[in-house]
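Structural characterization, general
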Amino acid sequence: MTLATEAFIRTLPKAELHLHLEGSLEPELMFELAKRNGIELPYQSADEVRAAYEFTDLQSFLDIYYRCADVLRTEQDFYDMTWAYLKHCQQDGVVHTEPFFDPQTHTDRGIAFETVINGIDRALKDGEAKLGITSGLILCFLRHLTEEAAFATLEEAKPYLGKIIGVGLDSSEVGHPPEKFARVFEAAGELGLHRVAHAGEEGPAEYIDTALALLQVERIDHGVRCTDDPELVDALAKTRIPLTVCPLSNTRLKVYDDMAEHPILTLLDKGLCVTVNADDPAFFGGYLVENYLALVTALGMTEAQATALAKNSIEASFLTDQEKAKWLSEFV
Ligand code: ADE
Ligand code: ZN
């Protein structure tokens, strides 16, 4: 791979649509926040933290990810984490981002909802004002918790609807099917919120069908297990329901043993609206451009394919048609 390829990918206008803000917390910032908040970490250095990031599956990652989030205590902490992510967006040519946050990870340990959302929102507003990066925040319900807890979170979000554009569904997938959250997604839809959900990451292709049918989602997060169901692949190609795919995440969490097995380019060539995203970059070893570059290295992705993926990210975003047309006109 050449430097020219990297520069080409970096300059493509891209939207990032699958990024957990808590997953962008780098070990260095984690230490800084721990110090600021008087928290003792079970690690001596950032390198030691990184060495602990050896995952065998989704749950082995989530166990560490939720523990790391404990250093986030004040509004400024949430601001600093979000701002650090936006600086990466600037370097990577991300012109628009629709990041996720997991309020229950914080409210369940006594941090006020308003502390979390006000810190994140202030950074996103600065991102637009100072870096020219637009954004729309998505609140994710934790699917390993109850429907009742998700409803309570939606209730807490009601005074802040101006600060979020949608709801999502994340955390441990297998055993927590989409239908568990059908009613809370319906209630979110009635509030005018967009709906997305993780489905078909570790869970079966059937979860993609049920997320579409019962949660009425507009995008599927991950969705790579659709390859187990050829009829579903055909339907996704026809409807162009977007999949927010995360290549480095999928290999680090052993959805695929090797990037060479990743189906994203096959799905692209079949006409699906697949997009590239970083998921939890601080844990999986790379931000958006690194995810594109991994596809160049392992799958020989061409500049034309990279361009198609970047265009898909604009198409799949919740920007207005006018805003999408503006970005799409910048592709040569
Ligand atoms: N939370 C953060 N990253 C996640 C992922 N890849 N799948 C499910 N939940 C998550
Ligand atoms: Zn995710």
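Here the structure is a predicted model, which means the values were calculated and not measured.

**Overview of the packing of helix H2 (residues 27-36) against helix H5 (residues 75-92)**
Interhelical geometry of H2 versus H5 gives an angle of 170 degrees and a closest axis separation of 11 Å. Considered as vectors, H2 and H5 are oriented roughly antiparallel to each other. The two elements H2 and H5 cross, and the hand of that crossing is right-handed. Only Gln76, Asp77, Asp80 and Met81 of H5 make contact with H2, whose side of the interface consists of Leu29, Leu33 and Arg36. Of the residues that constitute the contact of H2 with H5, the class distribution is 3 nonpolar, 1 polar and 3 charged.

**Looking at the coordination of the zinc ion (ligand 2)**
The protein atoms that coordinate the zinc ion (ligand 2) are His18 (NE2), His20 (NE2), His198 (NE2) and Asp279 (OD), at distances spanning 2.0 to 2.3 Å. Geometry at the zinc ion (ligand 2) is irregular, judged from its 4 donor atoms and the angles of 84 to 175 degrees they form at the metal. Donor residues binding the zinc ion (ligand 2) come from one chain and are separated in sequence as H-x1-H-x177-H-x80-D. Here the residue His20 occupies a position in the loop between strand S1 (14-16) and H2, and His198 occupies one in strand S7 (residues 194-199), the gap between them amounting to 178 residues. Per residue, the accessibility class of His20 equals that of His198, and both read buried.

**Brief notes about the sheet that holds strand S8 (residues 219-222)**
Here we have 7 strands laid out as an open sheet, ordered S3-S5-S6-S7-S8-S9-S10, and parallel in their pairing. Taken across any chain shown, the strands that pair with only one partner, and hence form the sheet edges, are strand S3 (100-101) and strand S10 (274-276). When strand S6 (residues 166-170) meets S7, the two strands line up parallel, connected through 2 bridges. Looking across to S7, one finds that Gly166 is bridged to His194.

**Some details on the sheet that holds strand S2 (residues 94-97)**
Strand order in this open sheet of 3 strands is S1-S2-S4, and the pairing throughout is parallel. Here the strands that pair on one side only, and so sit at the sheet edges, are S1 and strand S4 (134-135). Bridge analysis of S2 against S4 gives 2 bridges, and the strand direction is parallel. Paired with His96 across the two strands is Thr134, which belongs to S4. Sitting on the sheet, helix H16 (residues 303-316) touches S1 and S2, and the angle it makes with S1 is about 60 degrees.

**Some thoughts on helix H8 (residues 147-157)**
The set of residues buried in H8 consists of Glu147, Ala150, Thr153, Leu154 and Ala157. For H8, the angular spread of buried residues about the axis comes to 115 degrees, placing them on one side.

**Some thoughts on the pattern of salt bridges**
In this structure the tally under the stated criterion is 17 salt bridges. Of the charged contacts, one joins Arg50 and Glu28 as a salt bridge, the two residues approaching to 2.9 Å between their closest N and O atoms. Here Glu28 lies in helix H2 and Arg50 lies in helix H3 (residues 46-51), a separation of 22 residues in the sequence. Taking relative accessible area as the criterion, Glu28 reaches 42% and is therefore assigned partly exposed. Across the salt bridge formed by Arg36 and Asp80, the nearest N and O atoms sit 2.6 Å from each other.

About the cut-offs
- Residues numbered from 1 in each chain as written.
- Chains lettered and ligands numbered in written order.
- Predicted model: local features only at pLDDT ≥ 70, side-chain atom pairs only at ≥ 80, totals over all residues.
- Heavy atoms only, no water.
- Axes fitted to C-alpha atoms, helices over the stretch in contact; angles between N-to-C directions.
- Helix = DSSP H or I, 4+ residues; strand = E, 2+ residues; numbered from the N terminus.
- Parallel < 35°, antiparallel > 145°, perpendicular 65-115°, else oblique.
- Left-handed = near helix turned anticlockwise from the far one by under 90°.
- Contact = heavy atoms within 4.5 Å.
- Nonpolar A, V, L, I, M, F, W, Y, C, P; charged D, E, K, R; others polar.
- Donors = N, O, S within 2.8 Å, 3.2 Å for Na, K, Ca; no water.
- Tetrahedral: all angles 85-135°; square planar, octahedral: opposite > 155°, others 65-115°.
- Buried < 20%, exposed > 50% of the residue type's maximum accessible area, 1.4 Å probe, protein only.
- Pairing = 2+ DSSP bridges.
- Arc of directions from axis to C-beta.
- Salt bridge = Lys/Arg side-chain N within 4 Å of Asp/Glu carboxyl O.

All quantities given are derived from atomic positions and should not be read as evidence of function.
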